[in-house]
Amino acid sequence: PFQANMVEVRAADLSGAALNWAVAVAKQGKVFVYPDGGFYPPEGSVSLNEDDLSLWVNNGRGDHIDEWSPTTDWSQGGPLVDEHILSLRLAVEPKAGWDAVGGKKYSATAIGQDGFERMCFGETRLIAACRAVVEALLGTFVSVPAELLA
């Protein structure tokens, strides 16, 4: 079975599969990795496919409904925006230009567990929103499988 090598990463630096993983953990508390959850993880939960490290939404009957990718799929990321995001907008361009900040052009703000606002940036609105949700719900640093950081 897959044994994840967990590493701590800043929520604001997450991208791709690692950010999608962190969103699932923030919203559902965990990502299922076989044998955890058995052959039939709960409907709506997220599982990791050990073969290609992709994330999938479970249907509760042993099959997958859809790939889990709230960073690119508005049907998954949009509800996160509606539920958690206070502000989602084009960020003000830094004096040094967008290249100085890695091309991050959007900002999203969410309320953290401590009641304070968390603002994160991203190349797209969904990436910014997902980073803000993860930071608000899980904190500045989160644990993700190192294998998903590639």
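See above for the structure.
Right, let's walk through the structure included here. Quick caveat: nothing in here was measured; it's all calculated off a predicted structure.

Rules used in this analysis
- By convention here, each chain's residues receive numbers from 1 onward along its written sequence.
- Restriction of local features to residues with pLDDT of at least 70 applies here, the model being predicted, together with a cutoff of 80 or more for giving and counting side-chain atom pairs; totals for whole chains, interfaces and linings are based on all residues.
- Side-chain measures were taken over the full set of non-hydrogen atoms in the model, leaving aside hydrogen atoms and water.
- Whether two strands pair comes down to DSSP finding at least two bridges between them.
- In this description a helix means any DSSP run of H or I spanning at least four residues, a strand means any run of E spanning at least two, and both kinds are numbered starting from the N terminus.
- To define axes, lines are fitted to C-alpha atoms, for helices over the stretch in contact only, and angles between the resulting N-to-C directions are given on a 0 to 180 degree scale.
- Oblique is the label for any angle not under 35 degrees, not over 145, and not in the 65 to 115 range, which are roughly parallel, roughly antiparallel and roughly perpendicular in turn.
- Crossing chirality is assigned from the near helix's rotation relative to the far helix, an anticlockwise turn below a right angle marking it left-handed and a clockwise turn marking it right-handed.
- Working rule for contacts: check all heavy atoms of both residues, and any pair within 4.5 Å makes them a contact.
- Residues were grouped as follows: Ala, Val, Leu, Ile, Met, Phe, Trp, Tyr, Cys and Pro as nonpolar; Asp, Glu, Lys and Arg as charged; and all remaining residues, including Gly, as polar.
- Distance and chemistry together define a polar contact, namely a pair of N or O atoms within 3.5 Å, with one atom able to donate a hydrogen and the other to accept it when in protein, and with adjacent residues in sequence counting only for side-chain atoms on both sides.

1. Thoughts on the sheet that holds strand 2 (residues 46–48)
Logical step 1: Taken together, the 3 strands give an open sheet; going across it, the order is 2-3-4, and neighbouring strands pair in antiparallel fashion. Single-partner strands in this sheet number two, and they are strand 2 and strand 4 (64–67). Averaged over neighbouring strand pairs, the angle between their axes works out to 40 degrees when direction is ignored.
Logical step 2: Direction of pairing for strand 3 (residues 55–58) relative to strand 4: antiparallel, over a ladder of 3 bridges. When the bridges of strand 4 are listed, Val 57 appears paired with Asp 66.

2. Some remarks on the packing of helix 1 (residues 16–28) against helix 3 (residues 125–138)
Logical step 1: Where helix 1 contacts helix 3, the axes come no closer than 9 Å and their chain directions differ by 45 degrees. Comparing their axes, helix 3 and helix 1 come out oblique. Where helix 1 crosses over helix 3, the handedness of that crossing is left-handed. Contact with helix 1, carried on its side by Leu 19, Ala 22, Val 23, Val 25, Ala 26 and Lys 27, involves Ile 127, Cys 130, Arg 131, Val 134, Leu 137 and Leu 138 of helix 3 and no other residues of that element.
Logical step 2: Class assignment of the residues belonging to the contact of helix 1 with helix 3 gives a composition of 10 nonpolar, no polar and 2 charged.

3. Notes on the side chain of Ser 45
Logical step 1: As for its placement among the helices and strands, Ser 45 is situated in the loop between helix 1 and strand 2.
Logical step 2: Separated by 2.5 Å, the side chain of Ser 45 and the backbone oxygen of Pro 42 make a polar contact.

4. Overview of the pairing of strand 3
Two faces make up the sheet, and in a regular strand the side chains alternate between them.
Logical step 1: Of the pairings in the sheet, the one linking strand 2 to strand 3 comprises 3 bridges and is antiparallel in character. Across the sheet, residue Leu 48 finds its bridge partner in strand 3, namely Leu 55.
Logical step 2: Counting the residues between successive antiparallel strands, the hairpin from strand 2 to strand 3 contains 6 residues, one of them, Leu 53, with a positive phi of roughly 60 degrees.
Logical step 3: Where strand 3 hands over to strand 4, the hairpin turn is made up of 5 residues, of which Gly 60 adopts a positive phi near 85 degrees.

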